[in-house]
Amino acid sequence: MDHDVEKYYTTCMKLVNKAAEVIETAFYKTKQVESKSCDMDLVTETDKEVEKLLIDGLHLAFPDHKFIGEESTAGGEKCILTDAPTWIIDPVDGTMNFVHSLPLIAISIGLLINKKPIIGIICNPILKQTYTAKDGQGAFLNGTKIKVSGETVLAKALIATESGTNDDPAKIEVVLKNLGALLGKCHGTRSLGSAAMNLASVASGGCDAYYEMGLHAWDMAAGQLIVEEAGGTVIDTTGGEFDLMSRRVVCASSEKLAKDIASRLTQYEMERD
Ligand code: IPD
Ligand code: CA
């Protein structure tokens, strides 16, 4: 079947712009916050409203497309990736930042067809940054082409990572061990508090690499394509091939740097998405 990727993209971008207005309006107001898996894993009424706006709009336009959405999954829907065109949606990535009105947040949407990333959109409505990519057509920030830094040397790399939203002491131990394996051996580490913004920062050359274990498909779907289209490498934390449902990622400005970082990481075992 032929796919009109341009139509998918423009339809999605119109909905992203509407969703961005919803987030902007809510950003500096008091939020209604609920906990999900633990007290560090939050959801607000805006996360739910934005996810509904995006899924309803895309479903109306493309009734045979499938969806994997962060808040629908939290509400009990199954996370099944088939070969059908599937929109993977994080309505507000960086919900903790959103709750604190720290402007490092993003709407993150990836479209996969035959399990292959075709469209990636990461939109930060507060900083007015929209990162986009279409398969084979490069990566862009607000319409201007972006590329990774090209750094290959760990000692010169600025590395993003996250402690995640999991209070399991075993996970925290692995996070600290991995930080310990890199601190002093690279330029420094950063945590933006949003997986999508970390991925976007590697795509645009601000950070040279990003790794995390415990995140989900909706955190990475858009960012994987944007990093790859910007010339970067996305792999598994074990050093093998990237698997969107494995809940692990290392991305970097070069394959050498990605593999070097992966080789130093201790793994944390989790259930797949
Ligand atoms: C989280 C953020 C955070 C990352 C977590 C994600 P959410 O997403 O991206 O930076 O460390 O793994 O789950 O809950 O803010 O959408
Ligand atoms: Ca997220």
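**Let's talk about the site of ligand 1**
Then step 1. The environment of ligand 1 is made up of 15 residues, and the closest members are D93, G94, T95, A195 and E212.
Then step 2. E70 is positioned with one of its side-chain polar atoms (N or O) 3.0 Å from an oxygen atom of ligand 1.
Then step 3. A distance of 2.7 Å separates an oxygen atom of ligand 1 from a polar backbone atom of T95.
Then step 4. If ligand 1 stood free it would expose 380 Å²; the protein chains cover 95% of that surface.
Then step 5. Ranked by residue count, the leading element in the shell around ligand 1 is strand β4 (residues 86-93), at three residues.
Then step 6. The residue makeup of the shell around ligand 1, split by class, is three nonpolar, six polar and six charged.
Then step 7. A domain split of the shell around ligand 1 shows at least three residues from each of domain 1 (5-146) and domain 2 (154-263).

**Describing the domain arrangement of the chain**
Then step 1. Domain annotation for the chain reports domain 1 (5-146) and domain 2 (154-263).
Then step 2. Across the domain 1 to domain 2 interface the summed buried area is about 2500 Å²; carbon plus sulfur atoms make up 72%.
Then step 3. Put simply, domain 1 and domain 2 have zero salt bridges between them.
Then step 4. Taken together, the connections running from domain 1 to domain 2 amount to eight residue pairs in polar contact (both at pLDDT 80 or more).
Then step 5. Elements represented by at least two residues in the side of domain 1 that touches domain 2 include exactly β3 (66-69), α3 (70-74), β4, β5 (106-113), β6 (116-124) and β7 (129-134).
Then step 6. Here the side of domain 1 that touches domain 2 gets seven residues from one element, more than from any other, and that element is β6.
Then step 7. Per-class residue counts for the side of domain 1 that touches domain 2 are 21 nonpolar, 14 polar and six charged.

**A short note on the sheet that holds β4**
Then step 1. If you trace the seven strands from one edge of the open sheet to the other, you get β3-β4-β5-β6-β7-β8-β9, paired in mixed fashion. Each having just a single partner strand, β3 and β9 (144-146) make up the two edges of the open sheet. For this sheet the average axis-to-axis angle between neighbouring strands, irrespective of direction, equals 20 degrees.
Then step 2. In the sheet, β7 pairs with strand β8 (residues 139-141) via three bridges, with the strands oriented antiparallel.

**Observations concerning the pattern of salt bridges**
Then step 1. Under the criterion given, the structure shown has twelve salt bridges.
Then step 2. The closest approach of N and O atoms between E71 and K36, which form a salt bridge, is 3.1 Å. A residue pair is termed long-range when its members are at least 10 positions apart, and E71 in helix α3 and K36 in the loop between β1 (33-35) and β2 (42-44) qualify at 35 residues.
Then step 3. According to the relative accessible area criterion, E71 is buried, its value standing at 11%.
Then step 4. The exposure class of K36 is partly exposed, given its relative accessible area of 26%.
Then step 5. Note that R248 and D236 form a salt bridge whose closest N and O atoms lie 3.1 Å from each other. With a gap of twelve residues between them, R248 in strand β14 (residues 248-252) and D236 in the loop between β13 (233-235) and β14 connect regions that are remote in the sequence.

Analysis parameters
- Residues numbered from 1 in each chain as written.
- Chains lettered and ligands numbered in written order.
- Predicted model: local features only at pLDDT ≥ 70, side-chain atom pairs only at ≥ 80, totals over all residues.
- Heavy atoms only, no water.
- Near = heavy atom within 4 Å.
- Polar contact = N/O pair within 3.5 Å; in protein donor to acceptor, adjacent residues only side chain to side chain.
- Areas by Shrake-Rupley, 256 points an atom, 1.4 Å probe, with all protein chains shown as cover.
- Helix = DSSP H or I, 4+ residues; strand = E, 2+ residues; numbered from the N terminus.
- Nonpolar A, V, L, I, M, F, W, Y, C, P; charged D, E, K, R; others polar.
- Domains from an automatic or database assignment.
- Buried area = accessible area lost by both parts, 1.4 Å probe.
- Salt bridge = Lys/Arg side-chain N within 4 Å of Asp/Glu carboxyl O.
- Pairing = 2+ DSSP bridges.
- Axes fitted to C-alpha atoms, helices over the stretch in contact; angles between N-to-C directions.
- Buried < 20%, exposed > 50% of the residue type's maximum accessible area, 1.4 Å probe, protein only.

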